[in-house]
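Architecture at a glance
The primary structure of each chain is shown beneath.
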Amino acid sequence: MPETAYTTCPLCEATCGLELTLDRGAVVGVRGDEADVFSHGFICPKGASLGALDADPDRLRAPRIRREGKLLPASWPEAFAAVDAGLTRVIREYGRDAVALYLGNPTVHTLAGGLYAGPLIKALGSRNVYSASTLDQMPKQVACGYLFGSPYAVPVPDLDRTDFLLILGADPYSSNGSLWTVPDVPGRLRALQARGGRFVVVDPRRSRTARAADRYVPIRPGTDVHLLLGLVHELFARDLVAPGRLAEHVAGLDVLPELVAPFAPAVVAPRCGVDADTIAALATDLAAAPRAAVYGRIGTTTVEHGTV
Ligand code: SF4
């Protein structure tokens, strides 16, 4: 008799709720959990494949140690002894930075990963620690560290109170917002449009989100920084910068006009492939909306100038 079990998808930070169908312990069905407060039933292809992942015959279910060129089954005490011997030798001969650690998404989203990764990193003492974050949004976190004082203070749009949203290099229809972790992105974006708001997607690819947008602006890959500098140039050139009540929280605004002076829309247009009129129109949209937001994700961070 199949049973139903509920869990949280460990495969990314969107943390979607999943409804599993189990038959004698085997996962035979995976659906998004409609009642989950974070995801409202959303599921992506990765989450939907959890059953196949669980039953994959190549999945590592017990430790293995390479002996005479072959990976052979081993007990946990043997495995820990091998790790201890290997790490100790490398650290003694080459120093702590000769060891690198990679924490995969399914690990960091488990309780064990959350509890033990920190002590392990501390014990190893290596500067070379990598994760899905370092492959993905670390430039954004570096920028947030400088801007807001913490690499974890990543701002996300307040979608329910936004009138104009400019999305760059993000496809929340497919990712459920990822870092944003906002339930039912499609429904909220439709609600934004229904109350008279608009959203524009800038992306080299006409993504699912781009297809639903009020406007899709194709861009040359890796050139978002040129578009953004052109936008800032345009906002200052047309005297559209009005920080209002936020002025007391903003530092360095006075030096920006000089910094962006070389990046007029006509100058950046050939670099990013977005024409100057479109850049001017985006600046107008941003300035005219009562509540506007700009949201950039992986497409803007896994590129040169990803911190800008
Ligand atoms: S977006 Fe996909 S991978 Fe990420 S938590 Fe949701 S179902 Fe899992």
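Below is a summary of the structure that appears in this document. Starting afresh in each chain, residues are numbered from 1 along the sequence in its written order. Owing to the predicted nature of the model, reporting of local features is limited to residues with pLDDT of at least 70; listing and counting of side-chain atom pairs is limited to 80 or more, with chain, interface and lining totals taken over all residues. Values reported for side chains reflect all heavy atoms of the structure, with hydrogen atoms and water molecules removed beforehand.

Okay, the overall build of the protein next. Strands here are runs of E lasting at least two residues and helices are runs of H or I lasting at least four, both read from the DSSP assignment and numbered beginning at the N terminus. The helix and strand inventory of the protein stands at 15 helices and 11 strands. Its C-alpha atoms give the protein principal-axis dimensions of about 70 × 55 × 35 Å. Burial here depends on accessible area, computed with a 1.4 Å probe over protein chains only, as a share of the maximum for the residue type. Under 20% is buried, over 50% is exposed, and the range in between is partly exposed. A total of 308 residues make up the protein; the buried ones form 37% of that total. For the protein, long-range pairs separated by at least 24 residues make up 57% of all intrachain contacts whose partners lie at least 6 apart in sequence. Summing over all exposed atoms, the protein offers an accessible surface of approximately 18000 Å²; the carbon and sulfur share of this is 58%. Distance from the positive charge centre (31 side chains) to the negative charge centre (33 side chains) of the protein: 4 Å. Any two residues having at least one pair of non-hydrogen atoms within 4.5 Å are treated as being in contact. To measure how exposed things are, a 1.4 Å probe is used in the Shrake-Rupley method; for residues, cover is taken only from the protein chains shown. Counting rule for charge: Lys and Arg are taken as positive, Asp and Glu as negative, and neither His nor the chain ends is counted. In this description, the location of a charge corresponds to atom NZ of lysine, CZ of arginine, CG of aspartate or CD of glutamate.

Okay, the packing of aromatic side chains next. When the centres of two rings from Phe, Tyr and Trp lie within 6.5 Å, Trp using its six-membered ring, the rings pair. Their planes under 30 degrees apart give stacked, over 60 give edge-to-face, and anything left gives tilted. In the structure shown here, the tally under the stated rule is 2 aromatic pairs. Between tryptophan 76 and phenylalanine 80 the ring centres are 5.8 Å apart and the planes differ by 35 degrees, which places this aromatic pair in the tilted class. Taken together, the residues span about one helical turn, with tryptophan 76 and phenylalanine 80 both in helix α3 (residues 76–94) at a distance of 4 residues. Assessed through its relative accessible area of 56%, tryptophan 76 is described here as exposed. Taking the relative accessible area as the measure of exposure, phenylalanine 80 reaches 55% and is therefore exposed. Look at tryptophan 180 and tyrosine 295: their rings are 4.4 Å apart centre to centre, the planes differ by 50 degrees, and that puts the pair in the tilted class. Placement of tryptophan 180 in the loop between α8 (172–175) and α9 (185–194) and of tyrosine 295 in strand β11 (residues 292–296) is noted, with a sequence separation of 115 residues between them. Overall, tryptophan 180 belongs to the buried group, its relative accessible area being 6%.

Criterion for a disulfide: a pair of cysteine sulfur atoms within 2.5 Å. Taken as a whole and judged by the stated rule, the model has 0 disulfides. Counting only cysteine sulfurs, cysteine 12 is the nearest neighbor of cysteine 144, a cysteine outside any disulfide, at a range of 18 Å. Judged by relative accessible area, which is 4%, cysteine 144 ranks as buried.

A separate point is the site of the ligand. Taken together, the neighbourhood of the ligand is formed by Cys9, Leu11, Cys12, Ala14, Thr15, Cys16, Phe42, Cys44, Lys46, Gly47 and Ser175. Ten residue types, Ala, Val, Leu, Ile, Met, Phe, Trp, Tyr, Cys and Pro, are classed as nonpolar, four, Asp, Glu, Lys and Arg, as charged, and the remainder, Gly among them, as polar. Broken down by class, the residue content of the shell around the ligand amounts to 7 nonpolar, 3 polar and 1 charged. Only heavy atoms are used to decide nearness, and a residue is near a molecule or strand if one of them lies within 4 Å of it.

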